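Take a look at the letters that make up each chain.
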Amino acid sequence: MISNDKSISESTLPHRKNYLFMTFVIAFTDFKIKYDNSILGYLWSLLKPLLMFGTLYLVFSVFVRWDVENYRLYLLLGIILWNFFAEVTLNSMVLLEGKGAILKKINFPRWIIVISSSLTSLLTLLLNLIVFLIFFIISTSHFHLSNLFLFIYLLELYILSVGMALFLCALYPKFRDIHHIWEVFVQLGFWITPIVYPISIVSEKYHRWIFLNPAARIIQGARQALIENQGSGFLTLKNHLIVFFIAGVIFFVGFSLYNKLSGSFAEDL
Amino acid sequence: MIKVENVSKVFRLPHERKYTLRQRFVSIFQKNTYEKFHALRNVNFEVKSGQFLGIIGRNGAGKSTLLKIIAGVLQPSSGRISSDGPIAPFLELGVGFQGDLSVKDNILLYGALLGLSRQQIKDKYDWIIEFSGLERFVDAKLKNLSSGMQVRLGFSITVSVESPILLVDEVLAVGDIDFQKKCYDAFNKFKKQGRTIIFVSHDLVAIEKFCNRVILLNEGRIDKEGCSDEVLSKYISDAR
């Protein structure tokens, strides 16, 4: 019989109230290592989405012309939100690998690794959104009360990303190549989600399939909340319920699987 | 108090370990063969509060596995562990250290991993620096320090955790004479404070000096248990 007695296994853990602090410290130190204590290093990571934006903007605004109003904002917001999803899911596996030695020796709740990793990406997201804000002000857009819907979409995006990250990290120690496989899926997802192109160029009959992807709904919704004359029908309660439902299911599945498999991380990593 | 009841641990060691989906896919029709390795077989013992328990045995006898199970890092295949207080969850010195961070940041990271709060780390910080003797290197990157210094830092942080139960795995093997003396002093202090310690070591002198009780593990079983002289003399005579 394996001891599953809650009161006993919990008493062997460090003080519960410090887990939040532990999460922040891991995120903070990981961040420091990644950018080698330099502001320049961090600016470089901010440049990545901007370069991507610049390239795509050149191709699809100068070479090919989509008929989209405020295409700059449209594209930038799509890239920023998708990048967050990609970063959380991919980096959490990297952090898990990097913390293997600690997981083998110290007993602490395993979800701390995934949450720490998501915090680092969250910081990048916020800084990216500041860049977006600058573009937003330069363009003629005005502030609206409906802009605040963005925060609900960010919450949905966070739940979705962390759920997916938990799912991937749960499988990672047993299937290391899932990282590479997921990289391909992220690329694929970037193109089947209306990030670069307007949804109007896609034949109506595919829309229901495209919007099965909660990320597509989140991105379209965020655009409608922020950019004038962009999208319709995404600021409805129905849309939020659908997104929350799908993201919730993914989170629940990811979390359960992670909880189940993380017990043997110490043996597999 | 720590109670270890009927704990067994079986590792399945595959002949060929598959880490990726590709490997699994390629060998889809191959049979998965593996060796069963009984690291621990029905281990039973109890450590009372304030006791200093030593665990000795040959390499591969299951000492570290046992310690990891008590720490909660590994799950036992069967049996159960219970304890009445938090266990300082460290097994090896400096496990969470990051070479690219400064000594200061490493204290923060390692302390947090051991379950300390921000305030506790703040309170202990000066003491840790002093005890490890690294006053001059606070802002240096850890990788630029000698391995001895790193171990000293690890030990100092671990010792500063005021957990009533400590698990110690082979820490005295490193460090110079001065540092070993510091460690001994720290152990003596723990003893006076009535902390419970489980101590795995090949350093028989230290075992004899500190432990009230010693367990000799052999191929996952408890070979002998009792006061340190008896168990040590059996261990030594077995080796002959």
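Residues numbered from 1 in each chain as written. Chains lettered and ligands numbered in written order. Predicted model: local features only at pLDDT ≥ 70, side-chain atom pairs only at ≥ 80, totals over all residues. Heavy atoms only, no water.

S.K.: Would you explain the sheet that holds strand β1 (residues 2-14) of chain B in this entry?
M.R.: The strands making up a sheet associate through hydrogen bonds between their backbones, and the pairing can be parallel or antiparallel. Residues and elements named next belong to chain B. On the basis of which strands lie adjacent, the open sheet formed by three strands has the order β2-β1-β4 and antiparallel pairing. The sheet is open, and its two edges are formed by β2 (34-47) and β4 (78-83), each paired on a single side. With strand direction ignored, the average angle separating the axes of adjacent strands in the sheet is 25°. Direction of pairing for β1 relative to β4: antiparallel, over a ladder of five bridges. Looking at the pairing, Ser-8 lines up with Ser-78 of β4. Relative to β2, helix α2 (residues 63-71) is tilted by about 65°, and along the sheet it contacts β1, β2 and β4. (Pairing = 2+ DSSP bridges. Helix = DSSP H or I, 4+ residues; strand = E, 2+ residues; numbered from the N terminus. Axes fitted to C-alpha atoms, helices over the stretch in contact; angles between N-to-C directions. Contact = heavy atoms within 4.5 Å.)

S.K.: Would you mind going over the pairing of strand β7 (residues 196-200) of chain B with me for this structure?
M.R.: Every regular strand shows the same layout, with side chains that alternate between the two sheet faces. All names here are of chain B. Of all five residues making up β7, five are buried, and the element is well covered by its neighbours. The alternating pattern of β7 places Thr-196, Ile-198 and Val-200 and Ile-197 and Phe-199 on opposite faces, both of which are buried. Across five bridges, strand β6 (residues 165-169) lies against β7 in parallel orientation. By the bridge assignment, Val-168 is partnered in β7 with Phe-199. (Buried < 20%, exposed > 50% of the residue type's maximum accessible area, 1.4 Å probe, protein only.)

S.K.: Where do I start with the state of the cysteines in this structure?
M.R.: Simply put, disulfide is the name for a covalent bond between the sulfur atoms of two cysteines. Residue and element names in this part refer to chain B. Inspection of every chain in the model, using the stated rule, returns zero disulfides over all chains. Here Cys-211 stays free of any disulfide, with the sulfur of Cys-227 as its closest cysteine sulfur at 12 Å. Given the relative accessible area of 6%, Cys-211 is considered buried. Of the residues examined, Cys-227 reaches a relative accessible area of 35% and is grouped as partly exposed. (Disulfide = S-S within 2.5 Å.)

S.K.: It is not clear to me how unusual backbone geometry should be interpreted in this structure. Could you clarify?
M.R.: Across the chain, the bulk of peptide bonds are trans and the bulk of non-glycine residues have phi less than zero. Residue and element names in this part refer to chain B. Phi is positive for Asn-6, which is not a glycine, with a value near 50°. Position of Asn-6 among the secondary structure elements: in strand β1. In this structure, Glu-219 takes a positive phi of about 50° despite not being glycine. Looking at where Glu-219 falls in the secondary structure, it is placed in the loop between β8 (213-218) and β9 (221-227).

S.K.: For this particular structure, what's the right way to read helix α6 (residues 177-193) of chain B?
M.R.: Three or four residues apart is the spacing at which side chains of an α-helix point the same way, because the helix has 3.6 residues per turn. Residues and elements named next belong to chain B. For α6, which comprises 17 residues, the first-to-last C-alpha distance of 24 Å matches the rise-based estimate of 24 Å (1.5 Å per residue) to within 8%. Phe-179, Cys-183, Tyr-184, Ala-186, Phe-187 and Phe-190 are the residues of α6 that are buried. Take α6 and look down its axis: the buried residues cluster within an arc of 160°, on one side only. More than 90 degrees from the buried face of α6, the exposed residues found are Ile-177, Asp-178, Lys-181 and Lys-192. Where α6 is buried, its residues touch β3 (52-57), α5 (147-160), β6, β7 and α7 (204-210). Of the residues trailing α6, Gly-194 is marked for its positive phi of about 80°. (Expected span 1.5 Å × (residues − 1). Arc of directions from axis to C-beta.)

S.K.: Explanation requested: the confidence of the model for chain B in the structure shown.
M.R.: Close inspection of predicted coordinates is inappropriate in any region flagged by low pLDDT. All names here are of chain B. Confidence along chain B averages 84 in pLDDT terms, with 95% of residues attaining 70 or more. No element of chain B has a lower mean pLDDT than strand β5 (residues 87-88), at 70, and none a higher one than β8, at 90. Interface confidence in the predicted complex, given as ipTM, is 0.80; pTM for the same model is 0.85. (pLDDT = per-residue confidence, 0-100.)

S.K.: Looking at this structure, how should I read the interface of chain B and chain A?
M.R.: The accessible area lost on association of the parts is a frequent measure of interface size. Chain B puts 48 residues into the contact, and the matching count from chain A is 41 residues. Summed over both sides, the interface of chain B with chain A buries roughly 3,800 Å², with 60% coming from carbon and sulfur. The interface formed by chain B and chain A contains two salt bridges. The salt bridge partner of Glu267(A) is Lys9(B), with a shortest N-O separation of 2.8 Å. Along the contact surface separating chain B from chain A lie six residue pairs in polar contact (both at pLDDT 80 or more). Those elements giving two or more residues to the side of chain B that touches chain A turn out to be β1, α1 (21-26), α2, β4, α3 (103-113) and α4 (118-132) of chain B. (Buried area = accessible area lost by both parts, 1.4 Å probe. Salt bridge = Lys/Arg side-chain N within 4 Å of Asp/Glu carboxyl O. Polar contact = N/O pair within 3.5 Å; in protein donor to acceptor, adjacent residues only side chain to side chain.)

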